[in-house]
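Overview (structure and organization)
Residue strings, one per chain:
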Amino acid sequence: GELISEFSSDATLAAGSNSKVPTEYAVKTFVVKRAGNVWVNKSSAYTAVAGDKILADTTGGAFTITLPATPSVGDFVQIVDAASKFDTNKLTVGRNGSNIMALAENMDMDVSNVSVTFVYQGSTQGWRIS
């Protein structure tokens, strides 16, 4: 990520107190912006990358979002039914070689207004629904 700002150093123990926290106990707080961790609109076939948050619009017809090919434990992809149309035009989630919920099958999302986060747990379970 990209470091945006840093706050800290000698924190005052109590309001109005002149006592300071010793340097070895000072707390540092970082605000980090993660690249690629923004919402993207998709209405046709797309291969996701780890950290994607996808607003999927199937108004124009069914399509497939393919999960990343070489995920690491803890990677995630979030998919939202952006137009409330999954019940009319399903979205297929392509497994791309990894299991989904311990099954070697793609997943059809055919319930409107759903939001699902897929989190990669490892090769046996694969992508788990959070």
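Residues numbered from 1 in each chain as written. Predicted model: local features only at pLDDT ≥ 70, side-chain atom pairs only at ≥ 80, totals over all residues. Heavy atoms only, no water.

**Digging into the environment of Asp 110**
Rules: Here a helix means four or more residues in a row that DSSP labels H or I, a strand means two or more in a row labelled E, and each is numbered from the N terminus.
You can see Asp 110 is positioned in the loop between strand E9 (107-109) and strand E10 (115-120). Between the C-alpha atom of Asp 110 and that of Lys 90, which follows or precedes it by 20 residues, the distance is 4.7 Å.

**Points about the confidence of the model for the chain**
In low-pLDDT segments, the atomic positions of the prediction should not be examined closely. Rules: Confidence of the predictor in every single residue is expressed as pLDDT, which spans 0 to 100. Residue contacts are counted whenever heavy atoms from the two residues lie within 4.5 Å of one another.
Within the chain, residue pLDDT values average 83, and 72% of them lie at 70 or more. Below a pLDDT of 50 lies the segment residues 1-15, which in the model reaches 35 contacts outside its immediate sequence neighbourhood of four places, other chains included.

**Quick notes on the packing of aromatic side chains**
For any pair of aromatic rings, geometry is given as the distance between the ring centres together with the angle between the planes. The test is simple: Each Phe, Tyr or Trp ring (for Trp, its six-membered ring) is paired with any other whose centre lies within 6.5 Å, and the angle between the two planes then decides the class: stacked below 30 degrees, edge-to-face above 60, tilted in between. For every residue, the accessible area (1.4 Å probe, protein chains only) is compared with the maximum for its type, and the residue is labelled buried under 20%, exposed over 50%, or partly exposed between those bounds.
Counted by the stated rule, this structure contains 1 aromatic pair. With centroids separated by 5.4 Å and ring planes inclined at 65°, the aromatic side chains of Tyr 120 and Trp 127 adopt a geometry described as edge-to-face. Comparing Tyr 120 with Trp 127 shows no difference in burial state: the two are buried.

**Notes on the pattern of salt bridges**
Two side chains that carry opposite charge are able to pair once their charged atoms sit near each other. Heads up, the condition is: In what follows, salt bridge is the name for a side-chain nitrogen of Lys or Arg lying within 4 Å of a carboxyl oxygen of Asp or Glu.
Within this structure, the stated rule accounts for 1 salt bridge. Its salt-bridge partner being Asp 108, residue Lys 90 comes within 3.2 Å of it at the nearest N-O pair. Taken together, the positions of Lys 90 in the loop between strand E7 (76-81) and strand E8 (91-94) and Asp 108 in strand E9 put the pair 18 residues apart, joining distant regions of the chain.

**Regarding the pairing of E8**
On a regular strand, one side chain projects to one face of the sheet and the next to the other, so that they alternate. Quick note on the threshold: Note on pairing: two strands pair once DSSP finds at least 2 bridges between them.
Neither face of E8 is exposed, since Leu 91 and Val 93 on one face and Thr 92 and Gly 94 on the opposite face are all buried. Direction of pairing for strand E6 (residues 63-66) relative to E8: parallel, over a ladder of 4 bridges. Within E8, the residue paired with Thr 64 across the bridge is Thr 92.

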